[in-house]
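# Fold and geometry: a report
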Amino acid sequence: MHPGIYKTVLDWIPEGARVLDLGTGDGAFLERLVQTRHVMAEGVEKKPELAACCIQRGLVVHQSNIVEGLDQYGDQSFDYVLLLGTFQELISPAEIVREAFRVGRRVIIAYSNFASYKVRLQILFRGRTPVTQSLPQPWYRTSNLHFLSILDFREFGRHLGVRPVRDAFFNSYGRVVFFPNLFAEEVVTLLEK
Amino acid sequence: MADPPDHIVEGDLQDQKITGYQSPLGVTPVHKVTLRGVQTQSGFVFDQIEVTFQTLGTLSPGRDNAILVCHALSGTAHMAGLHPDTGRPGWWDFHVGPGKAIDTDKFFVICSNVLGGCDGTTGPLFIRPETGKPYGMDFPPVTITDMVAVQAKLIEHLGISRLFAVVGGSMGGMQALAWAVHFPERVRLCIPIATCISHSAMQIAFNEIGRRAITTDPNWNGGNYTLDCRPNHGLAVARMVGHVTYLSEHAMTRKFGRTLQPSADPDDQSSLFSVESYLHHQGESFVSRFDPNSYLYLTRALDQFDLFDGRPPEEVLPRLKARFLVISFASDWLYPPAQSRELVRWLKRFRVAATYINLETLYGHDSFLIENPQFSQVVRHYLDHELRKPDMKETAVAI
């Protein structure tokens, strides 16, 4: 994932917030968040060996998949629920976003934009399923289940009754300001109900 | 799940003959202490209670590095090192010792035999002062809470006001949970392993088979048996059933399959399946070290355990102060991971800091007793990290 996404999330989360990180991996980012923002954080991670890494970092972690992990928490337990880097891989993103809003007040989601110009050009001129920096695997190996654009995501938000309050767009050159649906490869967005 | 290394020793260390087993602790003694009276939950008053226990490591000058290890149904006070009489390794020697999951170089580690047990703590084998005969079935009902109350007396006797951690698997996990509920100020970390907040019908059912095997053995005689005429057959059957529930299908297939074991008697041409002779051995080995009445009392305590004791969870859980590390094993079908998740769910609903990990081991419920690098690492890292943090509750503690 673009390092700018992590930096943006660090900027968005205020000191002392309660944060749930879904798909927290080895906990490196969550540890950084705890250290720099002094948040009360917990992670959910599916793989035992990665959850063990989180324990080594002294993080509170729940080893489980995201759906079952979310079910463990009471309503409105968190200020922020993070979904960074796994969004396209979720089987039922709508259900998970709804659940995320049950346990948290705000939800931050990162995803890859499937309508960036590089992707469009590959489909148009090569006639092949695109392989780019943010979509690095060929179709038969990718863990991405869903291919969405920024416009698709906004429509998805409207459908769920949640609205983006802040967005940040990135490509390999850095931050994208103009025509993100064309130029951005990765997106992070802060949603509120 | 990858196949584990062949050298892994399965099952309870106390029932194994492991040639050349070395414990870095060498021979470790057990101690006995007589403590002033305790009243059980059922209202029975013991004027005094004898407790057998073991301590390893050194208590820090601040008395803040004590870890209580709670043993499971068939466990003893002798958790690690080699037993001075039998030479056998303690039941948790894989995980307690220098540099191990519970590091005796860093922590003062305590384990005591439970109330109602048969390893030297007051139990049905003890002589009742009024009658001069063993208590037998006149021993009062024992609960997990009673066990913990006796442990609390022992901890006070050792001059410790607050435990760094309480750790235990299975019945030991229930004790760890009861500690966190009944003595919230005295527990910093709670590590329940392969346990539950109350037994399911299936768990009670398996225990009842064991109890029934004992009480229908003619030698049981209402619990009034002598040492040379005990219901050994019933106890052995109880252990055999129990043992099957502690394993997994995978572990049994891998270890025994359908291989045959020739009879030890040279005149006997018949042979048993390996799994049969293994279970016979487990049963016999257990009979030599366990009291049938104790088995009845302790399995009853397991079945009766209810973390909330019939109270609404919202009355019990907000009082908890400990941080939790909850561990389950994917292949454990006796205390399935869903039971640990149920516990974690309750904790999280009341905003108790609870870390949960479900380890992909192959050995069923016994997974916490065997050599397991991932398990060791998780426990060690969790304790290490907490050791580096200041104790937030220290100032609020009073005995």
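My aim in this report is to walk through the structure given alongside it, one point at a time. None of the values given here were measured: they were computed from a predicted structure.

### What about the interface of chain A and chain B?
- Every contact between the two is made by 14 residues of chain A and, on the other side, 18 residues of chain B.
- Going through the elements one at a time, α3 (48-56) and β3 (60-63) of chain A are the ones with two or more residues in the side of chain A that touches chain B.
- With 5 residues, the single largest contributor to the side of chain A that touches chain B is α3(A).
- Looking at side-chain class alone, the side of chain A that touches chain B contains 7 nonpolar, 7 polar and no charged residues.

### Quick look at the pairing of strand β2 (residues 40-45) of chain A
All names here are of chain A.
- Of all 6 residues that make up β2, 5 are buried, and the element is covered over most of its length.
- The pairing of strand β1 (residues 18-22) with β2 spans 5 bridges and is parallel. Looking at β2, one finds that L20 is bridged to E42.
- Once you follow β1 into helix α2 (residues 28-37) and on to β2, the crossover reads as right-handed.
- Examined bridge by bridge, β2 and β3 share 4 bridges and lie parallel to one another. Each bridged residue has a counterpart across the sheet, and for V44 the counterpart in β3 is H62.
- Once you follow β2 into α3 and on to β3, the crossover reads as right-handed.

### Thoughts on the packing of helix α3 (residues 201-215) of chain B against helix α7 (residues 292-304) of chain B
Residues and elements named next belong to chain B.
- It is at 10 Å that the axes of α3 and α7 come closest, and there the two elements cross at 160°. By the angle between their axes, α3 is roughly antiparallel relative to α7. In the packing of α3 onto α7, the handedness of the crossing is left-handed. Of α7, the residues touching α3 (which contributes I204, N207, G210, R211 and I214) are P292, Y295, L296, T299, L302 and D303.
- For the contact of α3 with α7, the class distribution of residues is 6 nonpolar, 3 polar and 2 charged.

### Topic: the pairing of strand β3 (residues 66-70) of chain B
All names here are of chain B.
- Here β3 lies mainly inside the structure; 5 of its 5 residues are buried.
- Where burial is concerned, the two faces of β3 agree: the one with A66, L68 and C70 and the one with I67 and V69 are both buried.
- Relative to strand β6 (residues 108-112), β3 is paired through 4 bridges, and the arrangement is parallel. Looking across to β6, one finds that V69 is bridged to C111.
- Bridge analysis of β3 against strand β7 (residues 163-169) gives 4 bridges, and the strand direction is parallel. Bridge pairing links L68 to V166 in β7.

### Notes on the packing of helix α1 (residues 144-157) of chain B against helix α2 (residues 171-182) of chain B
Residue and element names in this part refer to chain B.
- The contact between α1 and α2 brings their axes to 9 Å, and the two run at 70°. Overall, the two elements α1 and α2 adopt an arrangement that is roughly perpendicular. Packed against α1, whose contacting residues are I144, T145, M147 and V148, the element α2 presents M174, Q175, A178, W179 and H182 at the interface.
- Looking at side-chain class alone, the contact of α1 with α2 contains 6 nonpolar, 3 polar and no charged residues.

Reading the values: rules and limits
- Residues numbered from 1 in each chain as written.
- Chains lettered and ligands numbered in written order.
- Predicted model: local features only at pLDDT ≥ 70, side-chain atom pairs only at ≥ 80, totals over all residues.
- Contact = placed C-beta atoms within 7 Å.
- Helix = DSSP H or I, 4+ residues; strand = E, 2+ residues; numbered from the N terminus.
- Nonpolar A, V, L, I, M, F, W, Y, C, P; charged D, E, K, R; others polar.
- Buried ≥ 20, exposed ≤ 12 C-beta atoms within 10 Å, placed from the backbone.
- Pairing = 2+ DSSP bridges.
- Right-handed = clockwise from strand over helix to strand, strands pointing away.
- Axes fitted to C-alpha atoms, helices over the stretch in contact; angles between N-to-C directions.
- Parallel < 35°, antiparallel > 145°, perpendicular 65-115°, else oblique.
- Left-handed = near helix turned anticlockwise from the far one by under 90°.

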